Amino acid sequence: MISSLKAYDKKYEQGYGVVYPDGHIIRFYERILKYKLNKTSGNMLDFGCGNGTHCAYFKSKGFKPFGIDIVSSIKDNWKKLSLGGGDAYNRAKF
């Protein structure tokens, strides 16, 4: 796991990660959360949140996002995206 962690740290330092929300995330919100469950706000937990792109999408829809990832730079990414509201946690100690 240590070598994977170092690899992801390096990738994220170089700008790795999605820039726009994936289509399946948008469809999940539109079709399931919004129309089937009538959920347009509340807390949202994103495991493996990476650079926070999907959390930023859910924040724009009225949710309070929380993200968790092993990559140490995620807090900086969240500040760049101005996610505020929720929080980002990194590197769970095993």
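Treat the numbers as computed from the prediction; the structure is a model and nothing was measured.

Cut-offs applied
- Residues numbered from 1 in each chain as written.
- Predicted model: local features only at pLDDT ≥ 70, side-chain atom pairs only at ≥ 80, totals over all residues.
- Heavy atoms only, no water.
- Helix = DSSP H or I, 4+ residues; strand = E, 2+ residues; numbered from the N terminus.
- Buried < 20%, exposed > 50% of the residue type's maximum accessible area, 1.4 Å probe, protein only.
- Contact = heavy atoms within 4.5 Å.
- Core = buried A, V, L, I, M, F, W, Y, C linked by side-chain atoms within 4.5 Å.
- Polar contact = N/O pair within 3.5 Å; in protein donor to acceptor, adjacent residues only side chain to side chain.
- Patch = residues over 30% accessible without salt bridge, like charges linked within 9 Å, V, L, I, M, F, W, Y side chains within 5 Å.
- Areas by Shrake-Rupley, 256 points an atom, 1.4 Å probe, with all protein chains shown as cover.
- Salt bridge = Lys/Arg side-chain N within 4 Å of Asp/Glu carboxyl O.
- Bend = angle between axes of the 7 residues up to and from the residue.
- pLDDT = per-residue confidence, 0-100.
- Pairing = 2+ DSSP bridges.
- Right-handed = clockwise from strand over helix to strand, strands pointing away.

Counting its regular elements, the protein chain contains four helices and three strands. Going from the N terminus to the C terminus, the protein chain shows its helices and strands as α-α-β-α-β-α-β. Counting the 94 residues in the protein chain, one finds 31% classified as buried. Sequence-distant contacts in the protein chain: of pairs separated by 6 or more residues, those separated by 24 or more amount to 44%.

Take the nonpolar core next. The biggest cluster of nonpolar side chains holds seven residues, and these are Ile25, Tyr29, Leu33, Met44, Tyr57, Phe58 and Phe63. Mapped by element, the contributors of at least two residues to this core are helix H2 (23-36) and helix H3 (53-60). Of the residues forming this core, the biggest block, three residues, is contributed by H2. Core analysis: the next-biggest nonpolar cluster, separate from the first, contains five residues, Tyr12, Cys55, Val71 and Ile74 among them.

A word on the side chain of histidine 54. Along the polypeptide, histidine 54 turns up in helix H3. A distance of 3.1 Å separates the side chain of histidine 54 from the backbone nitrogen of aspartate 22, its partner in a polar contact.

Among the surface-exposed residues, Phe28, Ile32 and Leu37 lie close enough to one another that they form a single nonpolar patch of about 260 Å² accessible area. For isoleucine 32, the location among the structural elements is in helix H2.

Once that is clear, we can look at H2. At tyrosine 29, H2 is bent by approximately 30°, the largest bend along its length. Turning to H2, its buried residues are Ile25, Tyr29 and Leu33. The elements touched by buried residues of H2 are strand E1 (42-47), H3 and strand E2 (63-69). Backbone geometry just after H2 places asparagine 38 at a positive phi near 55°.

Here the protein chain averages 80 in pLDDT, and 79% of its residues register 70 or above. Per-residue pLDDT, averaged within each element of the protein chain, yields its smallest value for strand E3 (residues 87-90) (51) and its largest for H2 (96).

Along an α-helix, residues three or four apart share an orientation, since each turn contains 3.6 residues. Every buried residue of H3 is listed here: Thr53, His54, Cys55, Tyr57 and Phe58. Looking one or two residues beyond H3, the residue adopting positive phi is glycine 62, at roughly 110°.

Turning to the pairing of E1, a few remarks are in order. The side chains of a regular strand alternate between the sheet's two faces. Sheet topology places E1 next to E2; six bridges connect them, and they run parallel. Residue phenylalanine 47 lies in a different strand from E2, and its bridge partner there is isoleucine 68. Since E1 and E2 lie parallel, the crossover through H3 that links them has a hand, and here it is right-handed.

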